[in-house]
Amino acid sequence: MSMKMREAQRKDCEGICLVEQESFSQPWTKDAVINELMNKDLTLYYVLEDEQGVIWGYAGLWHVLDEGQITNIALRKACRGRGYGELLLRLLMETAWERGCSVIFLEVRFSNLPALRLYRKLGYTVVSVRRQYYTQPMEDAYVMSCERKKYRWADR
Ligand SMILES: CC(C)(COP(=O)(O)OP(=O)(O)OC[C@H]1O[C@@H](n2cnc3c(N)ncnc32)[C@H](O)[C@@H]1OP(=O)(O)O)[C@@H](O)C(=O)NCCC(=O)NCCS
């Protein structure tokens with residue numbers, strides 16, 4: 001399957017909702033997704049799409065002054081573990097650096113080992129813990145950050 005990444009548009013909201021439903025116990029509603037996609041001054045969203053226009057994953061970030069905050073990153077189950085999550089996250093982060101971010105934050109469940117490993121690989125470190133941040137199931141979150149100068153670029 002040949003995949004491409006591109007900036008998300010309003011028409012992608014249903015595809016993004018499917019990814020959400022497959023990935024999280026409390027998926028974003030369609031309205032929440034539309035709000036995110038419409039708020040173009042502050043947000044940056046990318047989708048992973050196949051040649052038939054099916055959305056397989058997405059990643060997003062809020063950009064305020066020189067700080068970024070990853071809102072979500074997720075892939076359909078069948079598409080995980082093939083390098084696409086890393087590609088999406090790198091595209092998002094590298095665009096954020098270009099747009100003037102100097103540090104990017106995110107939250108992640110304590111038990112989410114694939115995501116934790118991905119974030120560490122790209123240069124994120126734990127800065128604090130938010131107790132009982134998640135529900136269904138209740139779980140603590142690590143707050144992680146990556147400064148631009150600590151970002152680990154891909155070997156080319
Ligand atoms: C987290 C997620 C986005 C990663 O995307 P992915 O495409 O599966 O990951 P990739 O194939 O790009 O792998 C990149 C790195 O992630 C880590 N990783 C990915 N899957 C992993 C697994 N099953 N176990 C351990 N580490 C894993 C590894 O560090 C890997 O690098 P490596 O192959 O050099 O070891 C994806 O698994 C997902 O959608 N999960 C469900 C939603 C979610 O939890 N999102 C994060 C919310 S904070």
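Cut-offs and rules
- Residues numbered from 1 in each chain as written.
- Predicted model: local features only at pLDDT ≥ 70, side-chain atom pairs only at ≥ 80, totals over all residues.
- Heavy atoms only, no water.
- Core = buried A, V, L, I, M, F, W, Y, C linked by side-chain atoms within 4.5 Å.
- Buried < 20%, exposed > 50% of the residue type's maximum accessible area, 1.4 Å probe, protein only.
- Helix = DSSP H or I, 4+ residues; strand = E, 2+ residues; numbered from the N terminus.
- Contact = heavy atoms within 4.5 Å.
- Near = heavy atom within 4 Å.
- Polar contact = N/O pair within 3.5 Å; in protein donor to acceptor, adjacent residues only side chain to side chain.
- Areas by Shrake-Rupley, 256 points an atom, 1.4 Å probe, with all protein chains shown as cover.
- Phe/Tyr/Trp six-rings, centres within 6.5 Å; stacked < 30°, edge-to-face > 60°.
- Salt bridge = Lys/Arg side-chain N within 4 Å of Asp/Glu carboxyl O.
- Pairing = 2+ DSSP bridges.
- Axes fitted to C-alpha atoms, helices over the stretch in contact; angles between N-to-C directions.
- Parallel < 35°, antiparallel > 145°, perpendicular 65-115°, else oblique.
- Left-handed = near helix turned anticlockwise from the far one by under 90°.
- Nonpolar A, V, L, I, M, F, W, Y, C, P; charged D, E, K, R; others polar.

1. Side note on the nonpolar core
Inside soluble globular proteins, nonpolar side chains tend to come together where they are buried. If you look at the biggest cluster of nonpolar residues, it comprises 31 residues, and the most contacted ones within it are L48, I70, L89, M93, I104, Y119 and Y124. Of all elements in the fold, only β2 (43–50), β3 (55–64), β4 (67–75), α3 (84–98), β5 (103–109), α4 (113–122) and β7 (139–147) reach the threshold of two or more residues within this core. Beyond its immediate stretch of four places on either side in the chain, M93 contacts I104, L122, Y124, C146 and Y151.

2. Side note on the site of the ligand
Among the 21 residues in the neighbourhood of the ligand, the closest are listed as I73, G81, G83, N112 and K121. A distance of 3.3 Å separates an oxygen atom of the ligand from a polar atom in the side chain of R80. In the environment of the ligand, an oxygen atom lies 3.1 Å from a nitrogen or oxygen atom belonging to the backbone of R82. Considering the ligand on its own, with 920 Å² of exposed area, one finds that the protein chains cover 75% of that surface. Mapped onto the shell around the ligand, the elements with two or more residues apiece are β4, α3, β5 and α4.

3. Let's talk about the packing of aromatic side chains
Evaluated as defined, the whole model comprises six aromatic pairs. Arranged with centres 4.9 Å apart and planes meeting at 90°, the rings of Y133 and Y134 form a pair that is edge-to-face. Take Y134: its relative accessible area is 19%, and that puts it in the buried class. An aromatic cluster is present here, built from W97, Y151 and W153 joined pairwise through their rings.

4. Considerations on the pattern of salt bridges
Tallied over the entire structure, the rule returns eleven salt bridges. Between R131 and D140 there is a salt bridge, and its shortest N-O distance comes to 2.6 Å. For D140, a relative accessible area of 17% translates into the label buried. Of the charged contacts, one joins K149 and E147 as a salt bridge, the two residues approaching to 2.7 Å between their closest N and O atoms. What you see here is one network of salt bridges that share partners, running through K4, R6, D12 and E49.

5. Some details on the sheet that holds β4
Read from one edge to the other, the open sheet built from seven strands follows the order β1-β2-β3-β4-β5-β7-β6, with strand pairing classed as mixed. Two strands in the sheet have a free side with no partner beyond their single neighbour: β1 (3–7) and β6 (125–134). On average, each strand axis in the sheet is tilted by 25° relative to the strand beside it, whichever way the strands run. Examined bridge by bridge, β1 and β2 share five bridges and lie antiparallel to one another. Among the inter-strand pairings, M5 is bridged to a residue of β2, identified as L48. The strands that α3 touches are β1, β2, β3, β4, β5 and β7; relative to β2, the one it contacts most, it runs at about 150°.

6. Looking at the packing of α3 against α4
The contact between α3 and α4 brings their axes to 11 Å, and the two run at 45°. On the basis of their axis angle, the class for α3 and α4 is oblique. Once α3 is placed against α4, the crossing between them reads as right-handed. Each of G85, E86, L89, R90 and M93 in α3 lies in contact with α4, whose residues at this interface are L118, Y119, K121 and L122. Partitioning the contact of α3 with α4 into residue classes produces five nonpolar, one polar and three charged.

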